[in-house]
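# Examination of the molecular architecture
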Amino acid sequence: MDAALAVLDEGGASAVTVRAVAARLGVQAPALYYHVTSKQHLLDEMGTEITRRVVSVLTTRASDGHWLHDLAAYGAALRDEYLLHRDGARTFSGTLITDPAVLRALEPWLRRWTDYGVPPSAVFDAIEIVTAFVTGYVIEEQERLQSAEEPERYSPEARRARLGDGTPLVVDAGYARTDPSGRFERQLAAVIRGIGESSRVAEGASDGP
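Residues numbered from 1 in each chain as written. Predicted model: local features only at pLDDT ≥ 70, side-chain atom pairs only at ≥ 80, totals over all residues. Heavy atoms only, no water.

As annotated in an unreviewed UniProt entry, the protein chain is HTH tetR-type domain-containing protein from Cnuibacter physcomitrellae.

Below you can see the structure in the form of structure tokens.
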């Protein structure tokens, strides 16, 4: 997996093949096919390793017991892992977790949420919502970062010059995008608040009239 991640970091998602990883390890491709049967299997193993790292962060951090704070920590940990690797969000999203131990490690984390009183269905929806938000955010973030060879491409000053007068809000929107980490924290917090409100409504509905 270290070799596969190194290939990803050097060449991006399109560079990751079983042959490329085998070459990096100094072996013939058939030797590697003994361990991974296809490119998809390789990607699944890579995604499993990333998930393992996220789960490790979640299961070792101190928690104040509030499930929404845990959910925010999950979103932040997922973004951190995606950003460590070129095309990380695009490469790892949709991969299958191949190691049952990684999934089992989530059980006490999820149990803490349901013990808090959150219905399991709301827990599962919350995780999928945050995962989708983080994945989409980081895909856009990484695409912009990888356009660094064109420094003016996303320059707010260049955007302002193109627009001229009469669109101050559109101009301001360009400047607002210059702090990706700050925007991520604000937007993730908004997503978490929405999930919290939705779960309270669902709990109220389940209580009956």
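Still more ground to cover, so stick around.
What follows concerns the layout of surface pockets. Empty space within the largest pocket amounts to approximately 470 Å³. When contributions to the lining of the largest pocket are tallied by element, the ones reaching two or more residues are α9 (120–145), α10 (156–163) and α12 (180–206). Tallying contributions element by element places α9 first for the lining of the largest pocket, with 5 residues. Approximately 410 Å³ is the volume found for the second largest pocket. Looking at the second largest pocket, it is lined by 20 residues, and the ones nearest its centre are T51, Y74, L78, I97 and T131. Listing elements by their share of the lining of the second largest pocket, those giving two or more residues are α4 (39–60), α5 (67–83) and α9. Grouping the constituent residues of the lining of the second largest pocket by class yields 13 nonpolar, 7 polar and no charged. (1 Å grid on protein atoms, 1.4 Å probe; cavity = no way out; pocket = protein on both sides within 12 Å on 5 of 7 lines; lining within 4 Å. Points joined across faces, edges and corners; volume = space filled by probe spheres on them. Helix = DSSP H or I, 4+ residues; strand = E, 2+ residues; numbered from the N terminus. Nonpolar A, V, L, I, M, F, W, Y, C, P; charged D, E, K, R; others polar.)

Take the pattern of salt bridges next. For the coordinates displayed, the defined rule picks out 11 salt bridges. Residues D2 and R53 are paired through a salt bridge, measuring 4.0 Å at the closest nitrogen-oxygen approach. One end of the pair, D2, is in helix α1 (residues 2–11); the other, R53, is in helix α4, and 51 residues separate them in sequence. The shortest N-O distance in the salt bridge between D70 and R112 comes to 2.7 Å. One end of the pair, D70, is in helix α5; the other, R112, is in helix α8 (residues 107–115), with 42 residues separating them in the sequence. (Salt bridge = Lys/Arg side-chain N within 4 Å of Asp/Glu carboxyl O.)

On to the side chain of S155, then. For S155, the location among the structural elements is in the loop between α9 and α10. A polar atom in the side chain of S155 sits 3.1 Å from the side chain of E157. (Polar contact = N/O pair within 3.5 Å; in protein donor to acceptor, adjacent residues only side chain to side chain.)

Once that is clear, we can look at the packing of aromatic side chains. As enumerated under the stated definition, the model contains 7 aromatic pairs in all. On the basis of an interplanar angle of 55° and a centroid distance of 5.9 Å, the ring pair of Y74 and W109 is categorised as tilted. In this pair, Y74 sits in helix α5 while W109 sits in helix α8, placing the two residues 35 residues apart along the sequence. You'll find Y74 and W109 in the same group, each marked buried. An aromatic cluster of at least three residues, connected via ring pairs, comprises W67, Y74, W109 and W113. A cation over a ring is seen here: R79 above F184, with NZ or CZ 4.8 Å from the ring centre. The side chain of R144 reaches across the aromatic face of Y154, ending 4.0 Å from its centre. (Phe/Tyr/Trp six-rings, centres within 6.5 Å; stacked < 30°, edge-to-face > 60°. Buried < 20%, exposed > 50% of the residue type's maximum accessible area, 1.4 Å probe, protein only. Lys NZ or Arg CZ within 6 Å of the ring centre and 35° of its normal.)

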